[in-house]
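Architecture and fold: a report
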Amino acid sequence: MDQKVAIVTGGSKGIGFACARRLLKDGYRVAICARSEDAVQVAGKELEAFGEVLALRADVGNVDDCDNLVAETIRHWGRVDVVVNNAGVYAPVPFLDFTAEAWDALFDINVRGPVLISAAAGRQMRDAGQGGRIVHISSTNGLAAEPEFAHYNASKAALISLTKTMSIELAQHGVLVNSVAPGWVLTPLSEDYVGSLTPEQLRRVSPLKRVAQPDEIAGAVSFLCGPDSTYVTGETLVVDGAMMAMLAQP
Ligand code: NAP
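Residues numbered from 1 in each chain as written. Predicted model: local features only at pLDDT ≥ 70, side-chain atom pairs only at ≥ 80, totals over all residues. Heavy atoms only, no water.

**Concerning the overall build of the protein chain**
Put simply, the rule reads: Counting from the N terminus, the helices are the DSSP runs of H or I reaching at least four residues and the strands are the DSSP runs of E reaching at least two. Throughout, the radius of gyration refers to the C-alpha atoms, and the reference size of a globule is 2.2 Å times the residue count to the power 0.38. Think of it in three bands: with a 1.4 Å probe and only protein chains considered, a residue is buried below 20% of the maximum accessible area for its type, exposed above 50%, and partly exposed in between. Here, residues are in contact when the closest pair of their heavy atoms is within 4.5 Å.
Looking only at helices and strands, the protein chain features eight helices and seven strands. Here the C-alpha atoms of the protein chain give a radius of gyration of 17 Å, agreeing with the 18 Å that 2.2 N^0.38 yields for 250 residues. Reported as C-alpha extents along the three principal axes, the dimensions of the protein chain are approximately 55 × 40 × 40 Å. For the protein chain, the residues scored as buried account for 49% of the 250 residues in total. The contacts in the protein chain between residues at least 6 apart in sequence include a share of 70% that link residues at least 24 apart.

What follows is the structure, given as C-alpha cells:
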C-alpha cells in the first residue's frame, strides 16, 4: 500500500509510454490508458518488465471514461499520487473551415479530459492527505501559433493556464501542478512530418539540430514528480531544444 501510484493517460505509445516507463523505473505503480484496447494491453505487457502496471481502455474525451479511469485505479491500488495528462490529438483544420464539432472534439480530449481526471484524482489526493503531483503535457504550440491548428494551439494554451489556476487551488492540499511544453518530439504522432525534415529544417527546429526523443520529455516529467521539485508548482517547463529561444533567420 505504501508504493506510490501514477496515472499516465495515452500511455500506449509515444511520450505517454516513455513517461509510464520512466515512472515505473522511479518506483511508481503505473496505470495507463488509451482508446485502443489492443494497443493498451500490448503496451501494458511490455511495461510489466519495469514494474506493476494497470492497462485500461479509456477515452479521455468521454466523461464517464475519465471518472472510471481514476476510480478503477483507486479500486485496484487504493491510492493515486501522480497524474500525467498526456493523451492529446493533433489534426489540421484551416481556420475558415472550423465547425463546432471539430472544435469540441479536440477540446474534449485535450482540455476537458485533463480537467475531469485531475479533479477526480485531486479529490482523492485531498481526502488521503498525502499530497500529489499533476503534470499536463502541453506544447510550445500553447506559447506560439502554428497555422491550421487554432484548436490545438488554444487547447495547449488552456493547459498552461489551467496549470496556474490548479496550482493555486490545490496548494492547500499539498498537490503540485505543473506542465511540460515539448517542442518537436519523435513519436507515432509526429514521425511522418519529422521523418521528412531536411537538415536545414532541423536547424530551424532546434540549434541542437534534432528533435527530442520521448525519453527526454519523460525525464522532465520525472523531475516534476520527484523529490527535487518540491517548491516547483504553477510552472511550465519548456523542453524544446531552444526552439522558442531562437529568432527567425532569413
Ligand atoms: P501519439 O504518439 O499519438 O500517442 C498518443 C497517445 O495518446 C496514444 O497512446 C493514444 O492511444 C493516446 N490517446 C489519444 N487520444 C486519446 C484519448 N482520447 N483517450 C485516451 N488516450 C488517447 O502522441 P505523442 O506525440 O506521444 O503526444 C503525446 C502528447 O504530447 C499529446 O498531448 C501531444 O499534444 C503532446 N505533444 C507532442 C509533441 C510531438 O512532437 N510529438 C510535441 C508537443 C506536445 P489511442 O490512439 O489508442 O487512444
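What follows picks up the thread again.
**A word on the site of the ligand**
The criterion, for reference: If even one non-hydrogen atom of a residue comes within 4 Å of a molecule or strand, that residue is called near it. Two N or O atoms count as a polar contact when they lie within 3.5 Å, although within protein this holds only if one can serve as hydrogen donor and the other as acceptor, and sequence-adjacent residues are included solely when both atoms are side-chain atoms. Areas reported here follow the Shrake-Rupley algorithm with a probe of radius 1.4 Å; residue values treat only the protein chains shown as occluding. The nonpolar class holds Ala, Val, Leu, Ile, Met, Phe, Trp, Tyr, Cys and Pro. Asp, Glu, Lys and Arg form the charged class, and all remaining residues, Gly among them, are polar.
Taken together, 30 residues sit near the ligand, with Ser-12, Arg-35, Asn-86, Tyr-152 and Thr-187 positioned nearest. Contact between the ligand and Ile-15: an oxygen atom at 2.8 Å from a main-chain N or O atom of the residue. Asp-59 places a side-chain nitrogen or oxygen 2.8 Å from a nitrogen atom of the ligand. Here the ligand has 890 Å² of accessible area as a free molecule, and 94% of this is covered by the chains. Broken down by secondary-structure element, the contributors of at least two residues to the shell around the ligand are α1 (14-25) and α5 (150-170). Here the shell around the ligand is composed, by residue class, of 14 nonpolar, twelve polar and four charged.

**As for unusual backbone geometry**
Positive phi, normally seen in glycine, also occurs at Glu-148, with a value near 75°. With respect to the helices and strands, the residue Glu-148 is situated in the loop between β5 (132-137) and α5. Here Lys-209, not a glycine, exhibits a phi torsion of approximately 60°, which is positive. As for its placement among the helices and strands, Lys-209 is situated in the loop between α7 (199-205) and α8 (214-225). We classify Lys-209 as exposed; its relative accessible area is 54%.

**Notes on a nonpolar patch on the surface**
Note the threshold: Each patch is built from residues lacking any salt bridge and having more than 30% relative accessible area; the joining distance is 9 Å for like charges and 5 Å for nonpolar side chains (Val, Leu, Ile, Met, Phe, Trp, Tyr). In the sections that follow, a salt bridge refers to a side-chain nitrogen of Lys or Arg positioned within 4 Å of a carboxyl oxygen of Asp or Glu.
Taken together, the side chains of Leu-143, Val-238 and Met-244 make up a nonpolar region of the molecular surface, amounting to roughly 230 Å² of accessible area. Note that Leu-143 resides in the loop between β5 and α5. We classify Leu-143 as partly exposed; its relative accessible area is 43%.

**Digging into the packing of helix α4 (residues 100-128) against α5**
For the record, the criterion: The axes are straight lines fitted to the C-alpha atoms, using for helices just the contacting stretch, and the angles between their N-to-C directions are given from 0 to 180°. Here roughly perpendicular refers to angles of 65 to 115 degrees, roughly parallel to angles under 35, roughly antiparallel to angles over 145, and oblique to all remaining angles. Whether a crossing is left-handed or right-handed is set by the direction in which the near helix is turned from the far one by less than a right angle, anticlockwise for left-handed and clockwise for right-handed.
Packing of α4 against α5 leaves a shortest axis separation of 9 Å and a crossing angle of 20°. When the interaxial angle is binned, α4 and α5 end up roughly parallel. In this structure, α4 crosses over α5, and the sense of that crossing is right-handed. Two secondary-structure elements touch here, α4 through Ala-102, Trp-103, Leu-106, Phe-107, Asn-110, Val-111, Pro-114, Val-115 and Ser-118 and α5 through Ala-150, His-151, Tyr-152, Ala-154, Ser-155, Lys-156, Ala-158, Leu-159, Leu-162 and Met-166.

**Observations regarding the environment of Gly-27**
Relative to the elements of secondary structure, Gly-27 occurs in the loop between α1 and β2 (29-34). On the basis of relative accessible area, Gly-27 is assigned to the partly exposed category, the value being 34%. Through-space distance from the C-alpha of Gly-27 to that of Leu-143 is 33 Å; in sequence the pair is 116 residues apart. Residue contacts for Gly-27: discarding those within four places in its chain leaves Gln-3 and Lys-4.

**Quick notes on the packing of helix α3 (residues 63-77) against α4**
At a minimum axis separation of 9 Å, α3 and α4 run at an interaxial angle of 30°. Of the possible angle classes, the one that applies to α3 and α4 is roughly parallel. Seen from above, α3 lies across α4 with right-handed handedness. Contacts from Val-63, Cys-66, Asp-67, Leu-69, Val-70 and Ile-74 in α3 reach Arg-112, Gly-113, Leu-116, Ile-117, Ala-120, Ala-121 and Gln-124 in α4. In terms of residue class, the contact of α3 with α4 is made up of nine nonpolar, two polar and two charged.

**Re α4**
Worth spelling out the cut-off: Every helix has an expected span of 1.5 Å times one less than the residues it contains. A residue's bend is simply the angle between two axes: one fitted to the seven residues ending at it, one to the seven starting at it.
For α4, with 29 residues, the first-to-last C-alpha span of 39 Å sits near the 42 Å given by 1.5 Å per residue. At Asp-108, α4 shows its largest bend, some 45°. Phi for Gly-129, located one or two positions after α4, is positive at around 70°.

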